[in-house]
Amino acid sequence: MTAQQLIAADLLLVVLSAAGWLGAGVAAAMRRGTLTRVAAAAAAVLTLARVGVVVALGGYGWWFVQEKVIVALPLVAVAAAALLISRAVGMMVIGVASAAGLLVGYPADVSDALLAVAVVAIASLLARRIVEPATPGAPSPGAPSPGAPSRGGASPVAVSVGIFPAGPASPDTESARGESAATESVGGESAGGESADTASAGGESTGPLKVGSMSLGGPVGGSRFLAGGVALAAVAAFAGVGLAFVPPPELDAGGGPVRTDGVSVPVTQLRGPDAPAPGGTVRRYDLAARQASVTLASGRQVSAWTYNGQVPGPALTATEGDLVEVRLTNVDIPDGVTLHWHGYDVANAEDGAPGVTQDAVLPGQEHLYRFLADQVGTYWYHTHQVSDLGVRLGLYGALIVRPATSAPGLDLTVPVHTLDGTVVIGLDDGVEARQVAPGTPVRLRLINTDSTPHRFTLAGTAFALAAVDGNDLRGPGELRETALSLAAGGRYDLTFTMPSGPVALLVDDDPGVGLRLAPAAEQLTVDTSGWPELDLTTYGTAAEPPLRGPFDRDFTLVLDRGFALVDGVPAYAQTINGRAFPKVPTQHVRLGDLVRLTVVNRSMETHPWHLHGHRVLVLAKDGRAVSGSPLWMDSVDVRPGEVWQLALRADNPGVWMNHCHNLAHADQGMSMHLAYEAVTTPFHGGHGG
C-alpha cells in the first residue's frame, strides 16, 4: 500500500475501533452479553489491525507515525486499565482514548500527551458517572437487591474481562456450576442464555472487575476514584494548556550558524535595477484594481475584482533584458491589493508580500514595482493581500518574458481559473476554437491560477512538455495520450507542430471546457479520462544535478492539520511542523548557502508548495532520485503521503514568504518565512491571507 492509502486506512481504523469500543461499552452497560462480545471482539481486531498499519506506515518515514507511536497507541494501552473499574466503563474509555489520538498531530510533545491524558481522564469520570452512579451504601450495579436469594446460593461475582481472570471459584460457586457460571468472558452470558452474575436480574454485570479475591473500583473506592480522576484531569489539562502557550523558537537555522549582531539591511533597500540591460527597453504598465462586472463568453455576467476592469488582468509582456515598470493603483478594493510576481525572482522589495516587503495598497493609494526581465518563460501575477479571496474574484494576470529572438508560429497563453464556480480559459466558459494552418509551430502556455490542481490532456497530436514553471527541460521527449497534472500556481509550456487534423486541449477531461485548434471547422471528440499521468521526475534527458550536497542548511516541513493558534486564535489549522502562522519558526539562511528542503505531506489534502524569490531543484520524490531532466520548479504539488526533497541556492537576499499555494490553506496557517541573515523588515511581519 502507498503512504496515502495507509494514512487513509489508519484514519478509518481509528474511527471504527473507537466506535467499536464505545459500542461495546454501551452494550455492556445495557447488559447485552452477545452484543458486548461481538463489539469488543471487533474493536480488538480493529485495534490490532491499526497497530499493523502504523508499523507499515513507519516504513515511509518517522514523520508519519511519531505521534501514534509515542502518544496515541500507548494512550489506548493505558486506557485499558479502566477495565479494572468495570467492563462498561473500561471499554468506553478505550474508545475515547482511541478517538483522542486524532487530536494529537506531528510532532507530538509533552503538551499533547498531557491534554490527551486529560481528555481520557474526564471521559473515565463521565463514563463511571453514567454507567455506575454509585452512592455510599448503595449496591454496585448488577448486584442482587438486599434479601434476594442468589441462584444456587452463589455469591454475586464480578464478571471477568478478557485477560483478567476472576480467580478461583468458591465451594458455593462450584456447587452451582451445573446451573449457571459464576464468571464469564467479555460477553458474560451463561450457556443457558442467562446472566452469569445475576440470573434473577436477567442481565450482565457492569460492575467492578474481580481479580482473584479482590474487587476493584466498587462503591467503597468510588470517592477515591472520583478524587483521583478529577485531580489527574485537572493537573494534566492545566499543564498541557500551559505548555501549549510556551512560545516556539523564532528561528530555525537548519543546522547552520546564526549571527544576530552586526549591521542589518531593511527589505525596503533591496530594490530592482532602474535601467534595462544593454539593448533592452523600458516597458511601462498601469494597473488599476477595481470592482467590476465581467461578461463570460456564454453571456453570463459575473461580479469580479479586476485589474483594469478585466479578468484576467492585462497580459504583461517583455523581452529578455527589458526593464518592467508597473504602477498599481487601488480604486475600490476595500482590504487593499498588491502585485506578486509568481515564479519570478525579483528583488525582495518588489515581491508584493504585504506585511513583509510592503504595506497593502489601500483604496486611493498607489505603488510602483520595477524589475529586470532576466528570466525567459511563462509566469503570472496576482494580489497577495487577502489573496484567497482576491485571486478567486479575478485579481490575476499573465506575465510572459520572451527571448530576444522569438521563434515563429502560434504562441497562446492559456490561463485556467475557476470564476464564480465556472472553469474558464480567460473569460471563455466553453470551448475556444481557433483556425490554425497545418505545419504551424504551436506553443501553449498553460497557467493554473486556481488553488487546486488541474489535469490537462492534448488530443490529436504528439507534443513535448518544453518547460515547467518557466524553466526549459533538457531533451523533452514526444508524448501521446498522456495527461499532465498542473499544480496550483504552476505553468507548463507545450510545443508541437500543427497536424492536418484537429487538436483538442481538455481541462479536467471535460470536453466542454478547453481549446480546439483545426485547419478548418472540424471537431474532435475524445475521452481522455483513462490516460495515464506523466511523472515529471522521469521525463526528459538526465544530467548531473546542478546542485548537490553537502548542504549548509537542512530544513524539514511536515504538512498536516491540527489544533493550533492562527494569528492568536485557536483553530483547526493547516500546520507546518505542528504550528500555524505566525508561530512557525522562520527559516534562517546566509547568502550563498546551499539549502535542502524536505517537504512531507501527512494530511489527506494536496499542498502546492511555493517559495517566493527562488527556484527549487527537485532532488527526489518519495525516496527516488530524479532520473529525467533536471527539474527546476517554483510550485510543487505535494500530494497526501508524498515526500519531496528540494534544493536551492540562497542567492536572493530578503525576507521571503514560503507557503502552501492553496491560498485558503495559507490563510489557515500553512505559511512561514525564509529570511536571510542581517535582513530585516520594518513591516508588521504578517501576511495577506
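Residues numbered from 1 in each chain as written. Predicted model: local features only at pLDDT ≥ 70, side-chain atom pairs only at ≥ 80, totals over all residues. Heavy atoms only, no water.

Enquirer: Please set out the nonpolar core residue by residue, giving values where relevant.
Expert: By size, the foremost hydrophobic cluster in this structure holds 66 residues, and its most contacted members are Leu444, Leu446, Leu465, Tyr492, Leu494, Phe496 and Leu517. Apart from residues no more than four positions distant in its own chain, leucine 446 is found in contact with Val414, Phe456, Leu486, Gly490, Arg491, Tyr492, Leu494 and Leu505. If you look at the next biggest cluster of nonpolar residues, it comprises 27 residues, including Ala40, Ala43, Ala116 and Ala127. (Core = buried A, V, L, I, M, F, W, Y, C linked by side-chain atoms within 4.5 Å. Buried < 20%, exposed > 50% of the residue type's maximum accessible area, 1.4 Å probe, protein only. Contact = heavy atoms within 4.5 Å.)

Enquirer: So what about the pairing of strand S22 (residues 503-507)? Which residues, and what values?
Expert: Burial of S22 is extensive: five of the five residues sit out of reach of the surface. Both faces of S22 are covered, namely the face carrying Val503, Leu505 and Val507 and the face carrying Ala504 and Leu506. Relative to S22, strand S17 (residues 454-459) runs antiparallel, the two sharing four bridges. Looking at S22, one finds that threonine 457 is bridged to leucine 506. Looking at chain direction, S22 and strand S23 (residues 510-518) are connected through five bridges and run antiparallel. Across the sheet, residue valine 503 finds its bridge partner in S23, namely leucine 517. The antiparallel hairpin formed by S22 and S23 contains two residues in its connecting segment, where aspartate 508 sits at a positive phi of about 60°. (Helix = DSSP H or I, 4+ residues; strand = E, 2+ residues; numbered from the N terminus. Pairing = 2+ DSSP bridges.)

Enquirer: How would you sum up the environment of alanine 487? Please name residues and give values.
Expert: Position of alanine 487 among the secondary structure elements: in the loop between strand S20 (484-486) and strand S21 (491-497). Its relative accessible area of 7% is what places alanine 487 among the buried residues. In the structure, alanine 487 is positioned 174 residues away from histidine 661 in sequence and 8.9 Å away in space, judged by C-alpha atoms. For alanine 487, the contacting residues outside a window of four places in its chain are Asn448, Ser635 and Asp637.

Enquirer: An account of the pairing of strand S28 (residues 607-611) is requested, with residue identities and associated values reported.
Expert: By the criterion of burial, S28 is predominantly enclosed, with five of the five residues buried. Relative to strand S32 (residues 636-638), S28 runs antiparallel, the two sharing three bridges. Note that in S32 the partner of tryptophan 609 across the bridge is valine 636. Where S28 and strand S34 (residues 655-660) come together, three bridges link them in antiparallel fashion. Bridge assignment links histidine 610 to a residue of S34, and that residue is histidine 659.

Enquirer: Tell me what's going on with the sheet that holds strand S13 (residues 410-419), and back it up with residues and numbers.
Expert: In spatial order, the strands read S14-S13-S16-S21-S18-S19; together these six strands make up an open sheet with mixed pairing. Sheet topology places strand S14 (422-425) and strand S19 (471-472) at the edges, where each strand pairs with a single neighbour. Sheet topology places strand S18 (residues 464-468) next to S19; two bridges connect them, and they run antiparallel. Pairing of valine 468 across the sheet is with asparagine 471, part of S19.

Enquirer: Lay out the sheet that holds strand S10 (residues 366-372) with the relevant residues and their values.
Expert: Taken together, four strands build an open sheet; the order of strands is S6-S5-S8-S10 and the sheet is mixed. This sheet does not close on itself; its edge strands, each paired only once, are strand S6 (301-307) and S10. Averaged over neighbouring strand pairs, the angle between their axes works out to 25° when direction is ignored. Bridge count between strand S5 (residues 282-295) and S6: seven bridges; the pairing is antiparallel. Residue serine 293 lies in a different strand from S6, and its bridge partner there is serine 303. (Axes fitted to C-alpha atoms, helices over the stretch in contact; angles between N-to-C directions.)

Enquirer: Any chance you could break down the packing of helix H1 (residues 3-29) against helix H4 (residues 87-100) for me, citing the residues and the numbers?
Expert: At a closest axis distance of 7 Å, the pairing of H1 and H4 adopts a crossing angle of 165°. In terms of orientation, H1 lies roughly antiparallel with respect to H4. Between H1 and H4 lies a crossing of left-handed hand. Facing H1, whose interface residues are Val14, Ser17, Ala18, Trp21, Leu22, Ala24, Gly25, Val26, Ala28 and Ala29, H4 presents Ala88, Met91, Met92, Ile94, Gly95, Val96, Ser98 and Ala99. Of the residues in the contact of H1 with H4, the class split is 14 nonpolar, four polar and no charged. (Parallel < 35°, antiparallel > 145°, perpendicular 65-115°, else oblique. Left-handed = near helix turned anticlockwise from the far one by under 90°. Nonpolar A, V, L, I, M, F, W, Y, C, P; charged D, E, K, R; others polar.)

Enquirer: I'd like a description of the pattern of salt bridges, backed by residues and values.
Expert: Pairs can form between side chains of opposite charge whenever their charged atoms are close. Counted according to the given criterion, the structure contains 27 salt bridges. A salt bridge links arginine 283 to aspartate 322; the shortest N-O distance between them is 2.7 Å. Taken together, the residues span a long stretch of sequence, with arginine 283 in strand S5 and aspartate 322 in the loop between strand S7 (316-319) and strand S8 (323-330) at a distance of 39 residues. Overall, arginine 283 belongs to the partly exposed group, its relative accessible area being 28%. Note on aspartate 322: relative accessible area 3%, which makes it buried. A salt bridge links arginine 602 to aspartate 560; the shortest N-O distance between them is 2.7 Å. A residue pair is termed long-range when its members are at least 10 positions apart, and arginine 602 in the loop between strand S27 (594-601) and S28 and aspartate 560 in strand S24 (residues 553-566) qualify at 42 residues. Neither residue differs from the other here; arginine 602 and aspartate 560 are each classed as buried. (Salt bridge = Lys/Arg side-chain N within 4 Å of Asp/Glu carboxyl O.)

Enquirer: Any chance you could break down the confidence of the model for the protein chain for me, citing the residues and the numbers?
Expert: Parts of the prediction with low pLDDT should not have their coordinates interpreted in detail. Confidence in the prediction of the protein chain, expressed as mean pLDDT, is 86, and 86% of residues score 70 or more. Counted against residues more than four places away or in other chains, residues 134-221, with its pLDDT under 50, gives 147 contacts. (pLDDT = per-residue confidence, 0-100.)

Enquirer: Can you lay out unusual backbone geometry for me, pointing to particular residues and giving the numbers?
Expert: Cis rather than trans, the peptide bond between tyrosine 106 and proline 107 has omega equal to -10°. Turning to its location among the elements, proline 107 is positioned in the loop between H4 and helix H5 (110-131). The amide bond that connects valine 311 to the next residue, proline 312, takes the cis arrangement and shows omega of -10°. Unlike most non-glycine residues, aspartate 420 shows phi in positive territory, near 55°.

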